Amino acid sequence: MIRTAIVGTGGIAGICHVPALRAQAHRAEIVAAVDVDAARAEAFAAEHGIPAVHTDLETMLREERPDLVHLCTPPFLHADQAVACLEAGAWVWCEKPVALSLAELDRIRAAEGHAVAGAVFQHRYGTGARYLRDRIAAGTLGRPLVAQCVTAWYRDDAYYDVPWRGTWESEGGGPTLGHGIHQMDLMLAVLGEWAEVRAMAGRLERDVETEDVSTALVRFENGAVATVVNSVLSPREESYLRFDLTEATVELRHLYGYSNADWTFTARTPDVKWDPPGDVPSSHTAQLADFLDAYEAGIRPDLGRHTMELVTALYKAAITGLPVRRGEIDTDDPFYRSLNGGLPGVFR
Ligand SMILES: NC(=O)c1ccc[n+]([C@@H]2O[C@H](COP(=O)([O-])OP(=O)(O)OC[C@H]3O[C@@H](n4cnc5c(N)ncnc54)[C@H](O)[C@@H]3O)[C@@H](O)[C@H]2O)c1
């Protein structure tokens, strides 16, 4: 059995990670829960029948020797905690955003040895997304031309009462990093490598340090172009992806997860069909099955650097007002260390 531990027993841990692990009960067991809030950890362990409870990650790593740690803590803790797990020999499946900067992400990668780390990006793993990628790879939908990538969500003032939200230091960024990253990750999974970004961002409504909205234009290596919107100010909430290819338009409308019914297919000619095999919804459950296959095969999972590069470039383009090409943000670039490029007051 794969001995797993859940670190951070808040919202996402109970809603998504426990069910995902229960679906893998034939090969994974939850041996420990960790939270700095002892009462929360105790209640979580009691509810889910988890034998050991800890308030300190290092102690848990030493005493429980887990094979795999699910990191479900606030974003600013991920890098240090991931490194601690890797150094203790445990694999890591880390919630998004894995890191607050490319520098942090690379620090995690550098700590890998026998144990490695991967990112939670559950929307890549539903049947619809896998099928679309296969169809594009097979060339049966033609060439990707135009895309729209919209995360139009709503987060009220009370949402930002949670102390780690809304600041560069602890959330790392606004909806570009924290919310829209899922849709952008899926867009990249479908369209491949990006080449250039132009962007605007601002803080229009919420009392936060970071942006509360961003927009961007992205050109891909394959020539396709996309518009991107990341918002926490949109009363009618929606996650929307649209791909116009030479032979069909493929659209996905959902909010936090999709099944086959959320996809719309419009072919240019009647002979081009959309017929996905089965219907696995996008979910932590779907991704964890893949992740544990990788664990058992000793294959390094994806830490999401390509997506973090796009996010970082979007901030740099918005803050500098200049286009950003993939690869130009090297380790000397101020945006490598922080998504505000060293200008924390930029949106205030
Ligand atoms: N994949 C998704 O769709 C998705 C959805 C929601 C949240 N998330 C991500 O999951 C992570 C957690 O979000 P959440 O909404 O569950 O937050 P949360 O605030 O509900 O839970 C975080 C928990 O971490 C605990 N914690 C804080 N410091 C700790 C420490 N040093 N050691 C151990 N525990 C500690 C807190 O006490 C809290 O119980 C964030 O990175 C968030 O972006 C991902």
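Treat the numbers as computed from the prediction; the structure is a model and nothing was measured.

A.B. asks: Pulling in residues and values, what's your account of the overall build of the chain?
C.D. replies: A count of helical and extended segments in the chain gives 11 helices and 14 strands. Taking 20 Å as the expected radius of gyration for a compact globule of 348 residues, we find that the chain reaches 20 Å, a close match to that expectation. Taking the principal axes of the C-alpha coordinates as reference, the chain spans close to 60 × 50 × 40 Å. When the 348 residues of the chain are sorted by exposure, 47% land in the buried category.

A.B. asks: Tell me what's going on with the pairing of strand E5 (residues 91-94), and back it up with residues and numbers.
C.D. replies: In E5, alternate side chains face the same way, and those of Trp91 and Trp93 on one face and Val92 and Cys94 on the other are all buried. Bridge analysis of strand E4 (residues 68-71) against E5 gives four bridges, and the strand direction is parallel. Within the sheet, the bridge partner assigned to leucine 71 lies in E5 and is cysteine 94. With three bridges joining them, E5 and strand E6 (residues 117-119) adopt parallel strand pairing. Counterpart to tryptophan 93 in the pairing with E6 is glycine 118. Regarding topology, helix H5 (residues 102-111) serves as the crossover connection from E5 to the parallel E6, and that connection is right-handed.

A.B. asks: Kindly report on H5, identifying the contributing residues and their values.
C.D. replies: Turning to H5, its buried residues are Leu102, Glu104, Leu105 and Ile108. The buried residues of H5 occupy an angular sector of 165° when projected down its axis, which confines them to one face. Close packing links the buried residues of H5 with helix H4 (78-87), E6, helix H10 (305-320) and helix H11 (334-337).

A.B. asks: Requested: an account of unusual backbone geometry, with residues and values cited.
C.D. replies: Here the amide bond leading from lysine 96 into proline 97 is cis, since omega sits at -20°, within 30 degrees of zero. Within the secondary structure, proline 97 is located in the loop between E5 and H5. Positive phi is not limited to glycine here, since arginine 65 has a value of about 45°. Positionally, arginine 65 belongs in the loop between helix H3 (57-64) and E4.

A.B. asks: Which residues make up the domain arrangement of the chain, and what values do they have?
C.D. replies: By domain assignment, the chain separates into domain 1 (2-120) and domain 2 (126-268). On a C-alpha basis, the centres of domain 1 and domain 2 stand 27 Å from each other. Counting from both sides, the interface comprises six residues of domain 1 and, opposite them, eight residues of domain 2.

A.B. asks: Give me the lowdown on the UniProt feature "domain: GFO/IDH/MocA-like oxidoreductase" (unreviewed entry) in the chain, citing residues and values where you can.
C.D. replies: When the UniProt feature table is mapped onto this chain numbering, "domain: GFO/IDH/MocA-like oxidoreductase" (unreviewed entry) sits at residues 130-249. Between the first and last C-alpha atoms of residues 130-249 the distance is 16 Å; the span itself is 20% helix and 42% strand.

A.B. asks: Give me the lowdown on the sheet that holds strand E10 (residues 225-231), citing residues and values where you can.
C.D. replies: A sheet is described by the order of its strands in space; here eight strands give the open sequence E13-E12-E11-E7-E10-E9-E8-E14, paired in mixed fashion. What marks the edges here is a single partner per strand, and that holds for strand E13 (263-267) and strand E14 (324-325). Sheet topology places strand E12 (residues 248-254) next to E13; five bridges connect them, and they run antiparallel. From the neighbouring strand, alanine 248 faces E13, where its bridge partner is alanine 267. Contacting strand E7 (144-154), strand E8 (194-202), strand E9 (213-220), E10 and strand E11 (233-245), helix H8 (residues 181-191) runs over the sheet at an angle of about 165° to E7. Most of the contacts of H10 go to E8, to which it runs at about 55°, and overall it touches E8, E9 and E14.

A.B. asks: Give a detailed account of the site of the ligand, specifying residues and quantitative values.
C.D. replies: In the vicinity of the ligand lie 23 residues, with Gly8, Gly10, Gly11, Ile12 and Glu95 positioned nearest. Among the elements that take part in the shell around the ligand, helix H1 (residues 11-22) stands out by supplying three residues, more than any other. Per-class residue counts for the shell around the ligand are 11 nonpolar, seven polar and five charged.

A.B. asks: Lay out the sheet that holds strand E2 (residues 28-34) in plain terms, naming residues and giving numbers.
C.D. replies: The six strands are arranged E3-E2-E1-E4-E5-E6 in an open sheet whose pairing can be described as parallel. The two strands at the open ends of the sheet, each matched to only one other strand, are strand E3 (52-54) and E6. If you compare each strand with its neighbour and ignore which way they point, the axes differ by 25° on average.

A.B. asks: Run through the packing of helix H6 (residues 127-138) against H8, naming residues and quoting values.
C.D. replies: Two quantities define a packed helix pair, namely the angle between the axes and the distance from one axis to the other. Closest axis-to-axis distance for the H6/H8 pair is 9 Å, and the angle between their directions is 30°. With respect to each other, H6 and H8 are oriented roughly parallel. In this structure, H6 contributes Ala129, Leu132, Arg133 and Ile136 to the contact, and H8 contributes Leu186, Ala189 and Val190. Split by residue class, the contact of H6 with H8 holds six nonpolar, no polar and one charged.

A.B. asks: Before we move on, could you go through the nonpolar core and cite the residues and values that matter?
C.D. replies: Formed by 95 residues in total, the largest nonpolar core has its most connected members in Ala82, Val92, Cys94, Met187, Val197 and Leu314. If you tally residues by element for this core, the top one is H10, at nine residues. Counting only domains with at least three residues in this core, you end up with domain 1 (2-120) and domain 2 (126-268). Sequence-distant contacts of valine 92, that is, excluding residues within four places in its chain, are made with Val69, Leu71, Ala82, Cys85, Leu86 and Ala117.

A.B. asks: Go over the pairing of E2, please, and point to the residues and values.
C.D. replies: Counting buried residues in E2 gives six out of seven residues, a clear majority hidden from the surface. Summarising the sheet, strand E1 (residues 2-7) and E2 pair through six bridges and their orientation is parallel. Residue pairing for E2: isoleucine 2 is matched across the bridge by alanine 28. Since E1 and E2 lie parallel, the crossover through H1 that links them has a hand, and here it is right-handed. Running through helix H2 (residues 38-48), the crossover from E2 to the neighbouring parallel element E3 is right-handed.

Reading the values: rules and limits
- Residues numbered from 1 in each chain as written.
- Predicted model: local features only at pLDDT ≥ 70, side-chain atom pairs only at ≥ 80, totals over all residues.
- Helix = DSSP H or I, 4+ residues; strand = E, 2+ residues; numbered from the N terminus.
- Rg over C-alpha atoms; globule rule 2.2 N^0.38 Å.
- Buried ≥ 20, exposed ≤ 12 C-beta atoms within 10 Å, placed from the backbone.
- Pairing = 2+ DSSP bridges.
- Right-handed = clockwise from strand over helix to strand, strands pointing away.
- Arc of directions from axis to C-beta.
- Contact = placed C-beta atoms within 7 Å.
- Domains from an automatic or database assignment.
- UniProt positions renumbered as here; feature names shortened; annotations may be inferred.
- Axes fitted to C-alpha atoms, helices over the stretch in contact; angles between N-to-C directions.
- Near = placed C-beta within 6 Å.
- Nonpolar A, V, L, I, M, F, W, Y, C, P; charged D, E, K, R; others polar.
- Parallel < 35°, antiparallel > 145°, perpendicular 65-115°, else oblique.
- Core = buried A, V, L, I, M, F, W, Y, C linked by C-beta atoms within 7 Å.

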